[in-house]
Protein chains: 2
Amino acid sequence: MSRWEPDALGRLEQAAFALYAERGFDQTTAAEIAKRAGLTERTFFRHYADKREVLFGGSSVLQDHLVQAVADEPDSAAPIDAISAALQSTGRIFDERREGSRQRQAVIAANPELQERELIKMSTIAAALTDALRRRGVHDTTASLAAEAGITVFRMAFERWLVDTGPPDLARHLRDSFAQLKAVTAEGTG
Amino acid sequence: MSRWEPDALGRLEQAAFALYAERGFDQTTAAEIAKRAGLTERTFFRHYADKREVLFGGSSVLQDHLVQAVADEPDSAAPIDAISAALQSTGRIFDERREGSRQRQAVIAANPELQERELIKMSTIAAALTDALRRRGVHDTTASLAAEAGITVFRMAFERWLVDTGPPDLARHLRDSFAQLKAVTAEGTG
């Protein structure tokens, strides 16, 4: 048998999300995911360390993409604009797979431990974006505030994008949410 | 023997922080904390479910205080100002115990699992503040953005307050950080 399995990663992910939704995350095994995907358990473990990583493996890909996108922004871009542009650049990738994102979110929402993991992953991305801004010469506090605010905006925009029944457009939700954050903070008299 | 132990809570906390610093969190037991505090193990467990709760028991007190403070703000206060005022109202309490906060932070910084717990606690507080704003009639997204941005500002201000060698003034660091967040978001052309 050939070891070449076209789109094994995508098939494993689809099978996993479907099984998590049907049986619950805790009741699903790696062997069952592999079987549903028509692949061997060995193939599963070539791609993922465990069944949780099917949900979170994408986080490091997202993080690398965002860090590179921040680095690629023109020097003249304000920190918050560099963050905003980087986040918006993920829009098309997410838009192509909103249904998968919805399944993933439903699994996470049903499991407090997965919610914690998601929170930690987002915090790790915020730290990576802070570092990416620092490497652009942005001062520590400004870098932290811009990156953390960006991740807050991303989470809000993402939630609204998930429930949006129109054509998927994450970048638009991001722009709207950044504008709202600007309005919210501008109200401060403090 | 009298069951009345003056300031048992404070003594347990002091003993715990000192032992965590000396031996590490993982190497310290509840029995040792009680002994160091000159109290019984039974007294320890009357106050805390486990040794981790010595570090995080204050989070729910802080959360209740903040939620009440947001509710007490005048109706005319903008959401971000209600959050800012609530956070600043904790300043005096923290200022009285900066050294304890520094010890606590050092223990948490040395232990990834405790860092995750802290992150989750802060996220829980952000959610509680979002609800507190909603009860004031603030729209969902604005409430989330103001509360989450407030917690981001709190974390930044708190870090700077911890390392500040001058007289402790958390409220001032909070005002500075809110002003910086406003400046950072105002730069956005997005």
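Residues numbered from 1 in each chain as written. Chains lettered and ligands numbered in written order. Predicted model: local features only at pLDDT ≥ 70, side-chain atom pairs only at ≥ 80, totals over all residues. Heavy atoms only, no water.

Visitor: Describe the overall build of chain A, naming the residues involved and giving the relevant values.
Guide: Of regular secondary structure, chain A possesses 10 helices and zero strands. Across its three principal directions, the C-alpha atoms of chain A cover 60 × 30 × 30 Å. Here chain A holds 190 residues, and the buried ones make up 48% of them. Considering only contacts in chain A between residues 6 or more positions apart, those separated by 24 or more positions represent 64%. Accessible surface computed for chain A: about 9,500 Å², of which carbon and sulfur atoms make up 51%. The centroid of the 24 positive side-chain charges in chain A is displaced by 4 Å from the centroid of its 28 negative side-chain charges. (Helix = DSSP H or I, 4+ residues; strand = E, 2+ residues; numbered from the N terminus. Buried < 20%, exposed > 50% of the residue type's maximum accessible area, 1.4 Å probe, protein only. Contact = heavy atoms within 4.5 Å. Areas by Shrake-Rupley, 256 points an atom, 1.4 Å probe, with all protein chains shown as cover. Lys, Arg positive; Asp, Glu negative; His and termini not counted. Charge placed at Lys NZ, Arg CZ, Asp CG, Glu CD.)

Visitor: Run through the relation of the copies chain A and chain B, naming residues and quoting values.
Guide: Of the transformation placing chain A onto chain B, the axial shift is 0.0 Å and the rotation is 180°, giving an RMSD of 0.0 Å. In short, the pair behaves as if placed about a two-fold rotation axis. Considering only C-alpha atoms, the part of chain A nearest the rotation axis is A149 of chain A, at 3.2 Å. Of the residues that chain A buries at the interface, 100% are likewise interface residues in chain B, meaning the two copies contact each other through the same surface. (Least-squares fit on C-alpha atoms with pLDDT ≥ 70 in both.)

Visitor: Tell me about the nonpolar core, residues and numbers included.
Guide: If you look at the biggest cluster of nonpolar residues, it comprises 72 residues, and the most contacted ones within it are I83 of chain A together with I83 of chain B. Look past the residues within four positions of I83 of chain B in its chain and what remains in contact with it is V70, L129, L133, A146, A147, G150 and F178 of chain B. (Core = buried A, V, L, I, M, F, W, Y, C linked by side-chain atoms within 4.5 Å.)

Visitor: Describe in detail the domain arrangement of chain A, supporting the description with residues and values.
Guide: By a widespread convention, an interface's size corresponds to the accessible area lost as its parts come together. Residue and element names in this part refer to chain A. Domain boundaries in chain A define domain 1 (8-47) and domain 2 (55-185). Summed over both sides, the interface between domain 1 and domain 2 buries roughly 590 Å², with carbon and sulfur atoms accounting for 68% of that surface. When the area that domain 1 buries against domain 2 is broken down by residue, the three leading residues are F17, Y20 and F25, summing to 75%. In this assembly, domain 1 and domain 2 are joined by one salt bridge. One can count one residue pair in polar contact (both at pLDDT 80 or more) joining domain 1 with domain 2. Residues of the side of domain 1 that touches domain 2, tallied by class, amount to four nonpolar, no polar and two charged. (Domains from an automatic or database assignment. Buried area = accessible area lost by both parts, 1.4 Å probe. Salt bridge = Lys/Arg side-chain N within 4 Å of Asp/Glu carboxyl O. Polar contact = N/O pair within 3.5 Å; in protein donor to acceptor, adjacent residues only side chain to side chain. Nonpolar A, V, L, I, M, F, W, Y, C, P; charged D, E, K, R; others polar.)

Visitor: For the packing of aromatic side chains, give the residues involved together with the corresponding values.
Guide: Residues and elements named next belong to chain A. Per the stated rule, a full pass over the model turns up 16 aromatic pairs over all chains. Ring centres 5.7 Å apart and planes at 50° place the aromatic pair F44 and Y48 in the tilted group. According to the relative accessible area criterion, F44 is buried, its value standing at 0%. Of note, K51 hangs over the ring of F25, and the distance from its end group to the ring centre comes to 4.6 Å. (Phe/Tyr/Trp six-rings, centres within 6.5 Å; stacked < 30°, edge-to-face > 60°. Lys NZ or Arg CZ within 6 Å of the ring centre and 35° of its normal.)

Visitor: I'd love a proper account of the confidence of the model for chain A, names of residues and values included.
Guide: Residues and elements named next belong to chain A. Residue-level pLDDT values for chain A average 94, and 96% of them are 70 or greater. Across chain A, the secondary-structure element scoring lowest on mean pLDDT is helix α1 (residues 8-23), at 91, and the one scoring highest is helix α5 (residues 79-88), at 98. Both scores are given for the predicted complex: the pTM is 0.91, the ipTM 0.88. (pLDDT = per-residue confidence, 0-100.)

Visitor: Account for the environment of F45 of chain B, naming residues and giving values.
Guide: All names here are of chain B. You can see F45 is positioned in helix α3 (residues 41-47). Classification of F45 by relative accessible area gives partly exposed; the value is 41%. In this structure the C-alpha to C-alpha distance between F45 and H139, which are 94 residues apart in sequence, comes to 42 Å. Sequence-distant contacts of F45, that is, excluding residues within four places in its chain, are made with A30 and D50.

Visitor: Got a sec to walk through the packing of α1 of chain A against helix α7 (residues 98-109) of chain A? Specific residues and values, please.
Guide: Residue and element names in this part refer to chain A. Viewed as axis vectors pointing N to C, α1 and α7 meet at an angle of 40°, and their least axial separation amounts to 9 Å. On the basis of their axis angle, the class for α1 and α7 is oblique. Note that α1 runs across α7; the crossing there is left-handed. Contact residues: α1 offers F17, Y20 and A21, while α7 offers G100, Q103, R104 and V107. (Axes fitted to C-alpha atoms, helices over the stretch in contact; angles between N-to-C directions. Parallel < 35°, antiparallel > 145°, perpendicular 65-115°, else oblique. Left-handed = near helix turned anticlockwise from the far one by under 90°.)

Visitor: Describe in detail the interface of chain A and chain B, supporting the description with residues and values.
Guide: Contacts between the two partners involve 32 residues from chain A and, on the opposite side, 32 residues from chain B. Both faces combined, the contact of chain A with chain B buries some 2,900 Å², and carbon together with sulfur accounts for 65% of it. For chain A, the biggest contributors to the area lost against chain B are L145, V184 and T185 of chain A; these three give 19% of the whole. The interface formed by chain A and chain B includes four salt bridges. Salt-bridge contacts for R117 of chain A lead to E116 of chain B; the nearest nitrogen and oxygen are separated by 3.7 Å.

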